[in-house]
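# Reading the structure
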Amino acid sequence: MRALAALTSLPGGARLVAGLFDHPRPPAETARRLGAAVPVEVARDAIRALPVQGAGVIEIGPVTPADVPQVRRVVAGRRCQVIVRASTPEVAAQLAPYADRVVTGDEPDLIHLVDPAIAPAAAALADPDVTVLAAPAVLVAAGPGWFQRVIEAVTPTEPPGGLREITADPRRWPQWWWGLLVGLGMIGAGLGAALITIGPLLLWYDKGYLGMDRRHLDAVNQNLAPFLQHDRITMAGTMVAIGVLYAGLAWGGLRQGWVWARKAYLVSGLVGFSTLFYFLGTGFVEPLHTAVTVVLFPMFLLATWRRPMPPRWRVRPEGPERLRRRALIGQLLMIVVGLGLLAGGAVVSVVGLTEVFVPADLTFLGTDAGHLHAVNPRLVPFVAHDRAGFGGALMAAALAVTLLGLWGWRRGESWVWWSLAAAAAAGFLPAVVVHMIIGYTDFVHLAPVYLGIGLTALALTLARPHLCARR
C-alpha cells in the first residue's frame, strides 16, 4: 500500500495506477458506502492508495489525543470521505472540523468486515443506509483488488446477448459481433497464409517484385526457400493466435460488457494494424496484407469505437481460497509471458527493419546479407518485410495476452483460459514444428520459444481450476 501511495502521489500517478489495474471510478452510490478501516499509522498511505482501488471511505482509528496532530495532517489532502473513530469525546471535538464524520462508539450503519469473502460485503451493501468497511485483515488476505471484486458483484447486470441479436441489417449489429468477425477474419487470413507458404510459397506479386521464382531461390541458396517458409509459417501461426484472442475478447469480453475487454482489444489492434506501415522501412508492399487490413480495419473500428455495452457479466460464487491464490501465481506467469513476447516482438521488428538477419540465421543459410544483396538487391528487403511483419504481429498478440492476463482473471471465466490456451497452441507449435522440419534447430535461437511454452503451460495449469470453475 505504501508503494501504491507513493505512485498515486506523483503527477498523473493516480490515473496510471487506475489504468494499470483497470479500476474505473465506481458508481457514486457504491463508492460512498464502501471503504476500509485502518489504524492511524497507515492512514496516510490508505487515503492516498485505496481510493484508486475503489474505496470511497476510509475510517481512521482509534485516535488517541497524541494522534490528533498526525490525523489533521493526514486528512488535509484527502480524495475520499474520512471517518475518525475517536477514543474520547475530547478527541472527537478536536477533529470534527477536519473529518467528514466522527464517531466514538459502535454505530449500526458502519459494518466492519474481517472475512475477505465477497458475498457478505455484497449482501451488506444491499442496504442503502449501510457503509461497509474492510478491516486490515481483509486487505492482507485479499489485496487491494477486493474493492473492485465487491463493486463488480453489486453492479446490476442483465443476461448477455447471443446470436439472436444479429439481424439482417448490419447497421444494428452489436459491437461484439464486429469484433468476432475481425477475429474470425484473422484466423482465416492466417490459415490462408499457411496454405500459401506450404504450397507455392511465392505468389505472382512476390515473383514480380523479386523477378525470381522458387527455382531461382533454390539456385541462389538451397536453404533460402525453407528459411522464408519458416518465417511465414511462424507469422501465420501468430495471425491465427491473434484471431483466437480477438474472438475470445469479443465473445467473452465485449458481449458481456467488460470495459477492460474493449481496452485490450483496442490497444492490441492499433499496434497490429499499424504494422502495415512497416513497408515504409522495407520498401515492399504486399497486396494481400494490404487487402486484409483494408477489409478488417473498419470492422475493428466498429467493434471498439462505441462505448462498451451495459454490464452483462455474471459473477460466480467464490471457490476455495487456495485455488484462487494458485491462480494468482498463474496470472503472474501469464503476464510475464505476455511481456516477454512484447519485448521479443519489438526486437524482431527492429532487427527486421535494420539488420534483417541475426547470426543464427546466417549460420543456417551458410551465407551473409552482402552475398544475397549482390545476387538480387531486392532479396534482403523481401526477407525484411516478413521479419518486420512478424515482429509487429507478435507485439499485437503479446499485448492481448498481457492485458487479458492482467484484467481478465476471474473465477468461472473459462473463455479466458480457452482463448489463451488456443492462442498459445496456434502461436508456439507451428513455430517449433517448422524449425524442426527445415533443420533450423539452434537451441539459443529457439530458447525463448521453449521458455514461453513452459511458462504458459504452467500458468494455465495453475489457473485452470479457478478460471474454468462451473459453480
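Computed from a prediction, not measured in an experiment: that's the story for all the values here.

Quick notes on the rules
Throughout this description, residue numbers start from 1 for each chain and increase along the sequence as written. Owing to the predicted nature of the model, reporting of local features is limited to residues with pLDDT of at least 70; listing and counting of side-chain atom pairs is limited to 80 or more, with chain, interface and lining totals taken over all residues. Only hydrogens and water are set aside when side-chain values are computed; all heavy atoms of the structure are taken into account. Under the scheme used here, helices are H or I runs from DSSP no shorter than 4 residues and strands are E runs no shorter than 2 residues, and both carry numbers assigned from the N terminus. Each residue gets one of three labels from its accessible area relative to the maximum for its type: buried under 20%, exposed over 50%, partly exposed in between, using a 1.4 Å probe on protein chains only. Here a residue-residue contact requires only that any non-hydrogen atoms of the pair lie within 4.5 Å. Using a 1.4 Å probe, the Shrake-Rupley method yields the accessible areas, and only the shown protein chains count as cover for residues. Positive charges come from Lys and Arg, negative ones from Asp and Glu, while His and the chain ends are left out of the count. Throughout, a charge is located at the NZ atom of Lys, the CZ atom of Arg, the CG atom of Asp or the CD atom of Glu. Whether two strands pair depends on DSSP finding at least two bridges between them. Only C-alpha atoms enter the line fits that serve as axes; for helices the fit covers just the stretch in contact. Angles between N-to-C directions range over 0 to 180 degrees. The set of buried Ala, Val, Leu, Ile, Met, Phe, Trp, Tyr and Cys residues whose side-chain atoms join them within 4.5 Å is what this entry labels a nonpolar core. Ring geometry is summarised as follows: Phe, Tyr and Trp rings, the Trp one being its six-membered ring, pair when their centres sit within 6.5 Å, and such pairs are stacked at plane angles under 30 degrees, edge-to-face over 60 and tilted between the two. Here, a charge over a ring means that NZ of Lys or CZ of Arg falls within 6 Å of the ring centre while also lying within 35 degrees of the ring normal. In a helix, the anticipated span is given by 1.5 Å times the number of residues less one. Patch construction takes residues with relative accessible area above 30% that form no salt bridge. Like charges are linked within 9 Å, and nonpolar side chains (Val, Leu, Ile, Met, Phe, Trp, Tyr) are linked within 5 Å. We count a salt bridge whenever a side-chain nitrogen from Lys or Arg sits within 4 Å of a carboxyl oxygen from Asp or Glu. Each angle receives one of four descriptions, namely roughly parallel if under 35 degrees, roughly antiparallel if over 145, roughly perpendicular if within 65 to 115, and oblique otherwise. Should the near helix be turned anticlockwise from the far one by less than a right angle, the crossing is termed left-handed; should it be turned clockwise, right-handed. The arc in question is the one traced by the directions running from the helix axis out to the C-beta atoms. Crossovers are described as right-handed under a simple rule: with the strands pointing away from the observer, the path leading from the first strand over the helix to the second runs clockwise. Nitrogen and oxygen atoms within 3.5 Å of one another constitute a polar contact, given that in protein one can donate a hydrogen and the other can accept it, and given that sequence-neighbouring residues count only through two side-chain atoms.

### Here's the deal with the overall build of the chain
When you go through the chain residue by residue, the secondary structure sums to 22 helices and six strands. Taking the principal axes of its C-alpha atoms as reference, the chain extends roughly 95 × 50 × 35 Å. A buried classification covers 52% of the 471 residues belonging to the chain. The contacts of the chain with a sequence gap of at least 6 include a subset with a gap of at least 24, amounting to 73%. Carbon and sulfur atoms provide 66% of the accessible area of the chain, an area that totals close to 21,600 Å². Here the chain contributes 40 positive and 31 negative side-chain charges, whose respective centroids are spaced 4 Å apart.

### Notes on the sheet that holds strand β5 (residues 110–113)
Taken in spatial order, the six strands line up as β4-β3-β2-β1-β6-β5 in an open sheet, and their pairing is parallel. Only two strands of the sheet have a single partner each, and these edge strands are β4 (101–103) and β5. Direction aside, neighbouring strands of the sheet carry axes that sit 25° apart on average. The pairing of β5 with strand β6 (residues 131–134) spans four bridges and is parallel. Its bridge partner lying in β6, Leu 113 is registered against Ala 134.

### Quick notes on the nonpolar core
Counting residues in hydrophobic clusters, the biggest one holds 59 residues, and the most contacted among them are Leu 249, Trp 260, Tyr 265, Leu 404, Trp 409 and Leu 420. Put simply, the parts of the chain that give this core at least two residues each are α10 (175–198), α13 (224–254), α14 (259–274), α16 (287–304), α17 (321–353), α20 (379–407), α21 (414–438) and α22 (443–467). Broken down by element, this core gets its largest block of residues, twelve residues, from α13. In this structure Tyr 265 touches Gly 179, Val 182, Gly 183, Tyr 246, Leu 249, Ala 250, Leu 254, Phe 300 and Thr 304, once residues within four positions along its chain are discounted. Counting 39 residues, the second-largest nonpolar core is a separate cluster that includes Ile 47, Val 75, Leu 95 and Ala 121.

### Section: the packing of aromatic side chains
The full count for this structure, using the stated rule, is 23 aromatic pairs. Both rings, one in Phe 227 and one in Phe 357, keep their centres 5.9 Å apart while their planes meet at 45°; by these two values the pair is tilted. With Phe 227 in helix α13 and Phe 357 in the loop between α17 and α18 (359–365), this residue pair connects regions lying 130 residues apart in the sequence. Each member of the pair Phe 227 and Phe 357 is classed as buried. Grouped by ring-pair contacts, the aromatic residues Trp 173, Trp 176, Trp 177, Trp 178 and Trp 251 constitute a single cluster. Directly above the ring of Trp 251 sits Arg 255, whose terminal nitrogen or CZ lies 3.7 Å from the centroid. When the ring centre of Trp 417 is taken as origin, the NZ or CZ atom of Arg 464, which lies over that ring, is 4.6 Å away.

### Focus: α14
The terminal C-alpha atoms of α14, which comprises 16 residues, lie 23 Å apart, in line with the 22 Å expected from a rise of 1.5 Å per residue. Taken residue by residue, α14 has Trp 260, Ala 261, Arg 262, Ala 264, Tyr 265, Ser 268, Gly 269 and Phe 273 as its buried positions. Those residues of α14 that are buried are in contact with α10, α13, α16, α20 and α21.

### Considering a nonpolar patch on the surface
Together, Met 436, Phe 443, Val 444 and Tyr 450 line one region of the surface with nonpolar side chains, adding up to about 430 Å² of accessible area. With three residues, the top contributor of residues to the nonpolar patch is α22. With respect to the helices and strands, the residue Phe 443 is situated in helix α22.

### Description of the packing of α14 against α16
Look at α14 against α16: their axes get within 10 Å of each other, and the N-to-C directions meet at 155°. Relative to α16, α14 is oriented roughly antiparallel. When you trace α14 past α16, the crossing you get is left-handed. Facing Arg 262, Tyr 265, Leu 266, Gly 269, Leu 270 and Phe 273 of α14, the residues of α16 in contact are Thr 293, Leu 296, Phe 297, Phe 300 and Thr 304.

### Some words on helix α5 (residues 68–76)
For α5, the complete set of buried residues consists of Val 68, Val 71, Val 74 and Val 75. Looking down the long axis of α5, one finds its buried residues gathered within 120° of arc, a one-sided arrangement. In this structure, α5 carries Arg 73 and Ala 76 as exposed residues pointing more than 90 degrees from its buried face. Here the buried face of α5 lies against α4 (43–53), β2 (57–63), β3 (81–86) and α6 (89–95).

### Details of the pairing of β6
Burial of the side chains of β6 extends over both faces: Thr 131 and Leu 133 are buried on one face and Val 132 and Ala 134 on the other. With three bridges connecting them, strand β1 (residues 34–38) and β6 associate as parallel partners. Following the sheet pairing, Gly 35 is matched in β6 by Leu 133. For the crossover that starts at β5, traverses helix α7 (residues 118–125) and ends in the parallel β6, the hand is right-handed.

### Observations concerning the environment of Arg 316
Checked against the element boundaries, Arg 316 lands in the loop between α16 and α17. Sequence separation between Arg 316 and Ala 46 is 270 residues; the distance between their C-alpha atoms is 29 Å. With sequence-adjacent residues up to four places away left out, Arg 316 is seen in contact with Arg 411, Gly 412 and Glu 413. Polar contacts involving the side chain of Arg 316 include one to the side chain of Glu 413, which spans 3.5 Å.

### Brief notes about the packing of α10 against α16
Running from amino to carboxyl end, α10 crosses α16 at an angle of 165°, the nearest separation of the two axes being 7 Å. Classified by the interaxial angle, the pair formed by α10 and α16 is roughly antiparallel. With respect to the hand of their crossing, α10 and α16 are arranged in left-handed fashion. Between α10 and α16, the contacting residues are Gln 175, Trp 178, Gly 179, Leu 181, Val 182, Gly 185, Met 186, Ala 189 and Ile 196 on the first element and Leu 288, Val 292, Leu 296, Met 299, Phe 300, Leu 302 and Ala 303 on the second.

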